[in-house]
Amino acid sequence: MKLQPRDRKHLLRAALGEVRCDLLVKNARLVNVLTGEIYPANVFVDSGMIAHVEYRNLEADLEKAEEVIDAGGAYLIPGFIDAHVHIESSMMTPRNFAKAVLPKGTTTVITDPHEIANVWGVEGVRYMHDASQDLPMRQLLDIPSCVPAVPGMENAGAAFLAPEILELSGLDRTAGLAEVMDFLGVAQGDQRMLDIIAAAESRGLYLQGHAPGQTGRVLSAYRCGGPSTCHESSSGEEALEKLRSGISVDARDSSILKNVESIWSGVKDVRFFDQLCFCTDDREADEILEHGHVNDVVRNAIACGMDPVAAIKSATFNAAREAHIDNLGAVAPGFAADFLLVDDLRELRPSHVFFAGKLAAKDGKLTAEIPDRSFPLEKRNSVCVRELSEEDFTLRVSLPDGRAAVNLLEYPDPVVPVTVRGRAEAAVRGGRILLEDPDLRYVAVVNRYPGRDTIGLGVVRGFGLRSGALASTVSHDSHNLTIVYGRPENALLAARELIRCGGGMCAVENGEVLYTLELPLAGLMSLLPAEELAVCSQRMKEAERRLGLTALENPLLRIVTLALPVVPDLKMSDLGMVDVLRKELVPLLAEEDARRER
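Everything numeric in this text was worked out from a predicted model, so none of it was measured.

So, on to the overall build of the protein. Regarding its fold elements, the protein presents 16 helices and 29 strands. Since a compact globule built from 598 residues should have a radius of gyration of about 25 Å, the 25 Å found for the protein is in line with a globular shape. For the protein, the spread of C-alpha atoms along the principal axes amounts to about 90 × 50 × 45 Å. Accessible surface for the protein amounts to roughly 22100 Å². Of this, 48% is attributable to carbon and sulfur atoms. Taking the 64 positively charged and 87 negatively charged side chains of the protein as two groups, their mean positions are separated by 1 Å.

What follows covers empty space enclosed by the protein. Left-over empty space is what a probe sized like a water molecule reveals as it rolls over the atoms. Within the structure shown, the criterion is met by 4 cavities of 30 Å³ or more. Taken as a whole, the largest cavity spans an internal volume of roughly 50 Å³. Every residue lining the largest cavity is listed: Val-150, Met-181, Asp-182, Phe-183, Leu-184, Pro-565, Val-566, Val-580 and Lys-583. Among the residues making up the lining of the largest cavity, the classes are represented as 7 nonpolar, no polar and 2 charged.

Let us look at the packing of aromatic side chains. For any pair of aromatic rings, the description rests on two quantities: the centre-to-centre distance and the angle between the ring planes. Within this structure, the stated rule accounts for 7 aromatic pairs. With centroids separated by 5.8 Å and ring planes inclined at 85°, the aromatic side chains of Phe-393 and Tyr-485 adopt a geometry described as edge-to-face. Of the two residues, Phe-393 sits in the loop between β17 (365-366) and β18 (402-410) while Tyr-485 sits in strand β24 (residues 481-485), which places them 92 residues apart along the sequence. We classify Phe-393 as buried; its relative accessible area is 0%. Counting every residue linked through ring pairs, the aromatic cluster contains Phe-393, Tyr-442 and Tyr-485. Taking NZ or CZ as reference, Arg-380 lies 4.9 Å from the ring centre of Trp-120, over its face.

The next subject is the packing of helix α8 (residues 236-244) against helix α9 (residues 260-267). Between two packed helices, the angle of one axis relative to the other and the distance separating the axes together describe the packing. As a packed pair, α8 and α9 sit with axes 7 Å apart at the nearest point and diverge in direction by 60°. By the criterion of interaxial angle, the relationship of α8 to α9 is oblique. Seen along the crossing, α8 lies across α9 with a hand that is right-handed. Contacts between α8 and α9 involve Gly-236, Ala-239, Leu-240 and Leu-243 on the former and, on the latter, Ser-262, Ile-263, Ser-265, Gly-266 and Val-267.

Let us look at the pairing of strand β15 (residues 350-355). Where burial is concerned, most of β15 is hidden: 6 out of the 6 residues are buried. Note: strand β14 (residues 339-342) against β15, 4 bridges, orientation antiparallel. Directly across from Phe-339, in β15, lies its bridge partner Phe-354. As defined by bridge partners, β15 adjoins strand β16 (residues 358-362) across 4 bridges and the pair is classed as antiparallel. Looking across to β16, one finds that Phe-354 is bridged to Leu-359. Where β15 hands over to β16, the hairpin turn is made up of 2 residues, of which Ala-356 adopts a positive phi near 55°.

Looking at the secondary structure, you find Gly-17 in the loop between α1 (8-16) and β1 (21-32). Owing to a relative accessible area of 17%, Gly-17 belongs among the buried residues under this scheme. Remark: the alpha-carbon pair of Gly-17 and Ala-51, spanning 34 residues in sequence, is separated by 9.2 Å.

Measuring from the side-chain oxygen of the N-cap residue of α1 to the backbone nitrogen of Lys-9 gives 3.3 Å; that N-cap residue is Asp-7. The first or second residue beyond α1 is Gly-17, which carries a positive phi of 80°.

Parameters and conventions
- Residues numbered from 1 in each chain as written.
- Predicted model: local features only at pLDDT ≥ 70, side-chain atom pairs only at ≥ 80, totals over all residues.
- Heavy atoms only, no water.
- Helix = DSSP H or I, 4+ residues; strand = E, 2+ residues; numbered from the N terminus.
- Rg over C-alpha atoms; globule rule 2.2 N^0.38 Å.
- Areas by Shrake-Rupley, 256 points an atom, 1.4 Å probe, with all protein chains shown as cover.
- Lys, Arg positive; Asp, Glu negative; His and termini not counted.
- Charge placed at Lys NZ, Arg CZ, Asp CG, Glu CD.
- 1 Å grid on protein atoms, 1.4 Å probe; cavity = no way out; pocket = protein on both sides within 12 Å on 5 of 7 lines; lining within 4 Å.
- Points joined across faces, edges and corners; volume = space filled by probe spheres on them.
- Nonpolar A, V, L, I, M, F, W, Y, C, P; charged D, E, K, R; others polar.
- Phe/Tyr/Trp six-rings, centres within 6.5 Å; stacked < 30°, edge-to-face > 60°.
- Buried < 20%, exposed > 50% of the residue type's maximum accessible area, 1.4 Å probe, protein only.
- Lys NZ or Arg CZ within 6 Å of the ring centre and 35° of its normal.
- Axes fitted to C-alpha atoms, helices over the stretch in contact; angles between N-to-C directions.
- Parallel < 35°, antiparallel > 145°, perpendicular 65-115°, else oblique.
- Left-handed = near helix turned anticlockwise from the far one by under 90°.
- Contact = heavy atoms within 4.5 Å.
- Pairing = 2+ DSSP bridges.
- Polar contact = N/O pair within 3.5 Å; in protein donor to acceptor, adjacent residues only side chain to side chain.

Okay, structure coming up:
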């Protein structure tokens, strides 16, 4: 992909100094991510592109610009690029997202709309594209590759195959194929995945990857299959192996996982960082407003010991190259005129944000106009569930009264969203599984799409819930209705509340709704601006802490990873418990495992 100037002929004349350019930023200290240098420079901008960078004679041609801005000795750096983000996970619409991140210095995002694709299919992806038109930032789309994430192990609201990839590749801001999450399918040559990859490659798209915890020959096979990036590294050792295997590592600091520090500890001694980028993946509105966006991720890397210029390059030039964008991510002639002025290379709080050569934000406030627009999809209810009863949330077995060993999902760490396979003894009374251990809770995944009537029931240990019920239609990646609870009546009340409002998150205790974070757009997003949504998010977190989720600094997204069957080891879906690596359903009763093996 190559970005084009508004007027190439005028740009050429401006570069030669024959005509006045649109903008001159003088008296800046240019951070050149192409050479690693910092030096005084004047930057001339025309037609949305960098026309010329003058560093020899800083008094030359100062009159050859329609507008002149004196940087006052501030550092001039490229605009930040988020190498991988789900805008839906900010719980904001694309336009409200832009209003929140632009003042933080993010001028381009590579967004994967697979959250809404799992709900509304092709129509949802088109919405994300259309709703991000004509913004003073660049929201490039990668086409969702895994809808549903693991066919046969869950039911979503849509299914993408090669024809959908080909259709969506015609959108004018399509950059690549989004994270190919079925890493085993790719490594083992699953024909569905090979067809999807071939369709993307036939349209010249780069392939974004997803290979959590994979090493050795599986990782090699995955890379041979085509994907060339991964944002799922959680340790330095894992990140180093991926770099050595030719896979670009998108070091992630999201609202769920903070991986930058551990990744840096493992890669800091390599000589070249050309394959290291940064991403937010999933970052909530309140965290964006309080801490920042990509600038915060870069700031964290610098605090860990990374050289500031190298860190800035990773968040700009490297990210553009990863997405195969030829002229983005640097301040040099012919590159897009997306850049920032910052006073401190470690704090990275921009005083000015320019997009396509025009001022978009100043002193933390948006200056560019982003008019509100409405779309039909924003008013459509996506939660289609039949009338439920307490019986739907009762774990029944065909056993006499006594005790039984049950398989379950277990959190081995109170703050890490990884679930493994565990086992526990439970009481059986009247054909029901009764949980006596306060660390055990029921979990239900209710399909919320037309034509489906599946409910998966299981048990989870170590989730953190001490009372009541917590429910969410934000439940990666199929976004069915997930509920963690102790008593069926609380689960039923939470489910009915989210069905009523069209989705979101809900906390219930003792038969009373404590709080509902309403997300009516696809059950994923609010129509509120970031400032109002942040207040609602905080109230939801307070309700979750009241229910017992106190070990986590941010409990909001604790529940969303329970139903993510592309991250090992054991997850839930509307079909039941899923063994991620074996791609098979796990029975509730442990005794059935033995029968299977026989």
